[in-house]
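Structural overview for review
Take a look at the letters that make up each chain.
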Amino acid sequence: MVNHQTIGDRDTYLDDHGTHLGDRETHVDDHGTHLDDRAVRLSPEDLAALQENLREQRLFRQEQLRQIAAAPRAEELLRRRSAGQAEVHVKLAASARMVLADVEAALRRIAEGSYGSCHLCRRPVDRERLMIVPQARYCAPCQQARYRRTGEAGR
Ligand SMILES: [Zn+2]
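These numbers come from a predicted model, not from an experiment.

**Side note on the overall build of the protein**
Along its length, the protein carries 7 helices and 0 strands. Counting from the amino terminus, helix and strand elements in the protein follow one another as α-α-α-α-α-α-α. Split into buried and exposed, the 155 residues of the protein put 12% on the buried side. Within the protein, counting contacts between residues at least 6 apart in sequence, those at least 24 apart form 61% of the total.

**Quick word on the nonpolar core**
Leu 50, Leu 54, Val 103, Ala 106, Tyr 115, Val 125, Leu 130, Ala 136, Cys 139 and Ala 140 form the largest nonpolar core, which has 10 residues in total. Of all the secondary structure elements, the ones that give two or more residues to this core are helix H3 (44–70) and helix H5 (83–112).

**Description of the UniProt feature "zinc finger region: dksA C4-type" (unreviewed entry) in the protein**
UniProt records the feature "zinc finger region: dksA C4-type" (unreviewed entry) for residues 118–142 in the present numbering. Within residues 118–142, the helical portion is 36% and the strand portion 0%, while the C-alpha atoms at the span's ends are 8 Å from each other.

**Let's talk about the environment of Gln 67**
As for its placement among the helices and strands, Gln 67 is situated in helix H3. What makes Gln 67 partly exposed here is the crowd of 13 C-beta atoms within 10 Å. Remark: the alpha-carbon pair of Gln 67 and Ala 93, spanning 26 residues in sequence, is separated by 9.5 Å.

**A word on the UniProt feature "domain: Zinc finger DksA/TraR C4-type" (unreviewed entry) in the protein**
UniProt feature "domain: Zinc finger DksA/TraR C4-type" (unreviewed entry): in the numbering of this structure it lies at residues 113–148. As a span, residues 113–148 carries 42% helix and 0% strand, and end to end its C-alpha atoms are 30 Å apart.

**A short note on H3**
Counted at 1.5 Å a residue, the expected span for H3 with its 27 residues is 39 Å, and the 39 Å between its end C-alpha atoms agrees. Within the span of H3, buried status applies to Leu 50, Leu 54 and Arg 61.

**Some points on unusual backbone geometry**
We note that Arg 122 has phi near 70°; this positive angle belongs to a residue other than glycine. Relative to the helices and strands, Arg 122 resides in the loop between H5 and helix H6 (127–132).

**Thoughts on the confidence of the model for the protein**
Averaged over every residue, the pLDDT of the protein is 76; residues scoring 70 or more account for 63%. Scored below 50 in pLDDT, residues 1–39 shows 23 contacts in the model against residues more than four places distant or in partner chains.

**Some thoughts on the environment of Val 90**
With respect to the secondary-structure elements, Val 90 resides in helix H5. You can call Val 90 partly exposed: it has 13 C-beta atoms within 10 Å. In this structure the C-alpha to C-alpha distance between Val 90 and Ala 69, which are 21 residues apart in sequence, comes to 10.0 Å.

About the criteria used
Residues numbered from 1 in each chain as written. Predicted model: local features only at pLDDT ≥ 70, side-chain atom pairs only at ≥ 80, totals over all residues. Helix = DSSP H or I, 4+ residues; strand = E, 2+ residues; numbered from the N terminus. Buried ≥ 20, exposed ≤ 12 C-beta atoms within 10 Å, placed from the backbone. Contact = placed C-beta atoms within 7 Å. Core = buried A, V, L, I, M, F, W, Y, C linked by C-beta atoms within 7 Å. UniProt positions renumbered as here; feature names shortened; annotations may be inferred. Expected span 1.5 Å × (residues − 1). pLDDT = per-residue confidence, 0-100.

As structure tokens, this is what we get:
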């Protein structure tokens, strides 16, 4: 047997290198100013896969929010159970709503044909990055710069 990775999922090998994604991709910058959006255009298949992924995420988040909403209200949990659990619910709902908004925005961009370019520098976002974070608005360097600027205070 050569290997038993029958799934052949591209994501699985990307995960191994995921933390410094994009380092190599930026080599395009060295050569230049003639970067254009066409350079790393996503194929129709890529786009379809990403759209599918986003739709699944949207469903998942909508369901998650429904479940959180159906759970006892936070104040009640505070009284009846641990305060910690109530806090977890509030945070979960907040982050689910945030991701859902991002996912919906990405689906809108696909519909409008503006999907896949960085909102800050307008360069194409790495395909690998989109495969991992389909709702990404920024390319890896811009995202990192944002993290650095906002520090620990915000997101
Ligand atoms: Zn950028």
